[in-house]
Amino acid sequence: MKNCPICGGNTNRESKNIELDYKGKKLIIAMLGDYCQACGESFHTVQDQKIIDQNIALAKREAESLLFPKELKRIRKKLHISQEEAAEYLGGGIRAFSKYENALVNQPRALDVIFKLLDMGKVSWDDIKSVSGVKPPLSC
Ligand SMILES: [Zn+2]
């Protein structure tokens, strides 16, 4: 147990749910941290904040009906493409899919729609490649 740097009171390590307003919807976010029993102040480590940010991104995904990181990864694996190849043809930068699949950043809706269509078999990865305008790398 640590003492509160503000009032010196005892802190408890716990997870509290807070409500966020997001586009007219209420998101419930679990916030892990040290909470002061005396003044109510909360303290979050860098690691706590990372988890909180992931929780916020996940809740927004749900509110937006976007694919969850696991589903995005499942579909990409089903297509037998790497994160790099996905980003090469769909944009977002080389680290984009790593961020989406680790719940750090939500994928844009257009990409989400394309992945849903790919999953349903309505379009193929070859279709995406051929309409993307991206020239295949010479070195393969
Ligand atoms: Zn305090």
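Keep in mind that this is a model prediction, so the values were computed, not measured.

Colleague: Please set out the overall build of the protein residue by residue, giving values where relevant.
Modeller: Across its full length, the protein holds six helices and three strands. Put simply, the protein runs from its N terminus to its C terminus through helices and strands in the order β-β-β-α-α-α-α-α-α. Taking 140 residues into account, the globule formula puts the C-alpha radius of gyration at 14 Å, and the protein, at 20 Å, lies well above it. By principal-axis analysis of the C-alpha atoms, the protein measures approximately 65 × 35 × 20 Å. Out of the 140 residues belonging to the protein, those deemed buried represent 14%. Restricting the contact set of the protein to residue pairs at least 6 apart, pairs at least 24 apart contribute 55%.

Colleague: Go over the sheet that holds strand S2 (residues 25-36), please, and point to the residues and values.
Modeller: If you walk across this open sheet you meet the three strands as S1-S2-S3, and the pairing is antiparallel. Strands at the two margins of the open sheet, each flanked by one partner only, are strand S1 (11-22) and strand S3 (42-43). Here 12 bridges tie S1 to S2, and the two strands are oriented antiparallel to one another. What sits directly across from Arg13, in S2, is Asp34. Its contacts with the sheet place helix H1 (residues 46-63) against S1 and S2, and it is angled at close to 170 degrees to S2.

Colleague: Tell me about the domain arrangement of the protein, and name the residues and values.
Modeller: In terms of domains, the protein is made up of domain 1 (12-35 + 45-63) and domain 2 (69-131). Relative placement of domain 1 and domain 2: their C-alpha centres are 26 Å apart. Between domain 1 and domain 2, the contact holds five residues from the first and four residues from the second. Looking at the side of domain 1 that touches domain 2 residue by residue, the classes come out as two nonpolar, one polar and two charged.

Colleague: I'd like to hear about the environment of Lys60, residue by residue, with values.
Modeller: Topologically, Lys60 is positioned in helix H1. Take Lys60: there are 17 C-beta atoms within 10 Å of it, and that puts it in the partly exposed class. Linking Lys60 and Ala103, residues 43 residues apart in sequence, is a C-alpha distance of 11 Å.

Colleague: So what about the nonpolar core? Which residues, and what values?
Modeller: The biggest cluster of nonpolar side chains holds 10 residues, and these are Leu66, Leu67, Leu72, Ile81, Ala86, Phe97, Tyr100, Leu111, Ile114 and Phe115. For this core, the secondary-structure elements that each account for two or more residues are helix H4 (96-101) and helix H5 (109-120). It is H5 that provides the largest number of residues to this core, a total of three residues. Ignoring sequence-local partners within four residues, the contact set of Leu67 consists of Leu72, Asp112, Phe115 and Lys116.

Colleague: Break down unusual backbone geometry for me, with residues and values.
Modeller: For Ser65, which is not glycine, the phi torsion reads 55 degrees and is therefore positive. Looking at where Ser65 falls in the secondary structure, it is placed in the loop between H1 and helix H2 (69-78). Overall, Ser65 belongs to the exposed group, with 9 C-beta atoms counted inside 10 Å.

Colleague: Any chance you could break down the pairing of S2 for me, citing the residues and the numbers?
Modeller: Counting the residues that bridge the hairpin from S1 to S2 gives two residues, and of these Lys23 lies at a positive phi of roughly 50 degrees. Where S2 meets S3, two bridges bridge the pair, whose relative direction is antiparallel. By the bridge assignment, Tyr35 is partnered in S3 with Ser42. Count of turn residues in the S2/S3 antiparallel hairpin: five residues, of which Gly40 carries a positive phi of about 85 degrees.

Reading the values: rules and limits
- Residues numbered from 1 in each chain as written.
- Predicted model: local features only at pLDDT ≥ 70, side-chain atom pairs only at ≥ 80, totals over all residues.
- Helix = DSSP H or I, 4+ residues; strand = E, 2+ residues; numbered from the N terminus.
- Rg over C-alpha atoms; globule rule 2.2 N^0.38 Å.
- Buried ≥ 20, exposed ≤ 12 C-beta atoms within 10 Å, placed from the backbone.
- Contact = placed C-beta atoms within 7 Å.
- Pairing = 2+ DSSP bridges.
- Axes fitted to C-alpha atoms, helices over the stretch in contact; angles between N-to-C directions.
- Domains from an automatic or database assignment.
- Nonpolar A, V, L, I, M, F, W, Y, C, P; charged D, E, K, R; others polar.
- Core = buried A, V, L, I, M, F, W, Y, C linked by C-beta atoms within 7 Å.

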